[in-house]
Amino acid sequence: MIRLRRGFIGIAFIALAGCAALTRLVERPIGPCGFDVETLQFAGGPLAQARCLLRPVAQGGVLPAQPAALPDSLAALVGQPVGDLKPRLQRWLASQGIADAAVGGPLAAPLSHARDDDPAAPAARYFVLHDTSTPWLGDAPSFPPDDAPALNDLARFAGPEAVAHVFVDRRGETLLGHDLRVPWRATQLEVRRVGPRSRGLFLHVELAQPRRRDPAGSPRNDAIAPVPGFTDAQYAQAALLYAAASARRGDWLIPAFHAALDEGIAGAHDDPQHFDIARFALALDRLRDALVR
């Protein structure tokens, strides 16, 4: 009896030790950009994180190993205090007649917090850009014009389980899925690897982009995206959303691509395709110029 009990205790101890080792293994930094589940951020300072998370996404979700080269104007902002951005942006939105819903909710409201909106957890840090990969056009020989109704039907994304905070169509019009105050998850990193701790850390923006089938691929693949990937109106609205979210946080958020967050995780997505970071930075420059007039 004693020997059996000691054996049981020994086995239990080994099992517990194994679980602890497994926990340590699981909680090592995740992915090439090194997400740390304890600090709830990627490796390096804000700019280094942005350069890793904004590597251009090639067909199939392939990302280069080297960090992205960001435009100087964008690089100078990431992670820095926003100064008086909030009051200037509030005045500009009012002068333009732009409703709160178009920028993810009222600027006076706080952003979501990590750990499922724990007030003691960090406020949302990451501004994640996606493409909808919808509608799927199959073997269509070309893409419709950007003003085609089929490309601008955001109603299909509406509802309490909307997959992102904000959706932006090809004309720059928006659908609010969730106020930026609402903690949400939309990537494999958040759902499958980090869990509830990540809920509220990432803000998600979906840009409408159709896809076509690559004849060399599987029958239902959606590998081919239009070139250019997005319209000027979409870049302008994405820049406005980025500024609004940053104003609510108090410093400029870290922009990121969906594919970079999920890199190396089974089921990873390949979006956004053909996102031009220089055009995004230019749209942001124009917005900031408008706010000081």
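The rules we used
Residues numbered from 1 in each chain as written. Predicted model: local features only at pLDDT ≥ 70, side-chain atom pairs only at ≥ 80, totals over all residues. Heavy atoms only, no water. Salt bridge = Lys/Arg side-chain N within 4 Å of Asp/Glu carboxyl O. Helix = DSSP H or I, 4+ residues; strand = E, 2+ residues; numbered from the N terminus. Buried < 20%, exposed > 50% of the residue type's maximum accessible area, 1.4 Å probe, protein only. Contact = heavy atoms within 4.5 Å. Axes fitted to C-alpha atoms, helices over the stretch in contact; angles between N-to-C directions. Left-handed = near helix turned anticlockwise from the far one by under 90°. Nonpolar A, V, L, I, M, F, W, Y, C, P; charged D, E, K, R; others polar. Arc of directions from axis to C-beta.

## Considerations on the pattern of salt bridges
- Scanning the entire structure with this criterion turns up 15 salt bridges.
- The partner of E38 in a salt bridge is R197, and the shortest N-O contact between them spans 3.8 Å. A residue pair is termed long-range when its members are at least 10 positions apart, and E38 in the loop between α1 (2-26) and α2 (46-53) and R197 in the loop between α6 (188-194) and β4 (202-207) qualify at 159 residues.
- Overall, E38 belongs to the partly exposed group, its relative accessible area being 48%.
- Between D270 and R211 there is a salt bridge, with the nearest N and O atoms lying 3.2 Å from each other. Residue D270 is found in the loop between α8 (258-262) and α9 (277-291), and its partner R211 is found in the loop between β4 and α7 (232-249); the two are separated by 59 residues along the sequence.
- Residue classification places R211 among the buried positions, given a relative accessible area of 0%.
- Taken together, the salt bridges that share partners define one network made up of D131, R211 and D270.

## Comments concerning the environment of V62
- You can see V62 is positioned in the loop between α2 and α3 (72-75).
- The spatial distance from the C-alpha of V62 to the C-alpha of F167 is 24 Å, given a sequence separation of 105 residues.
- Excluding anything up to four places from it in sequence, V62 contacts P56 and V57.

## A few points about the packing of α7 against α9
- In the contact formed by α7 and α9, the axes pass within 8 Å of each other and the chain directions differ by 65°. The two elements α7 and α9 cross, and the hand of that crossing is right-handed. Along the contact surface, α7 presents D232, Y235, A236, A238, A239, L240, Y242 and A243, while α9 presents R279, F280, A283, L284 and L287.
- Of the residues belonging to the contact of α7 with α9, the class tally is 11 nonpolar, no polar and 2 charged.

## Structural notes on α2
- For α2, every residue scored as buried is listed here: Q49, A50, C52 and L53. On an axial view of α2, the arc spanned by its buried residues comes to 165°, and they lie on one face.
- Where α2 is buried, its residues touch β1 (126-131), β5 (254-257) and α8.

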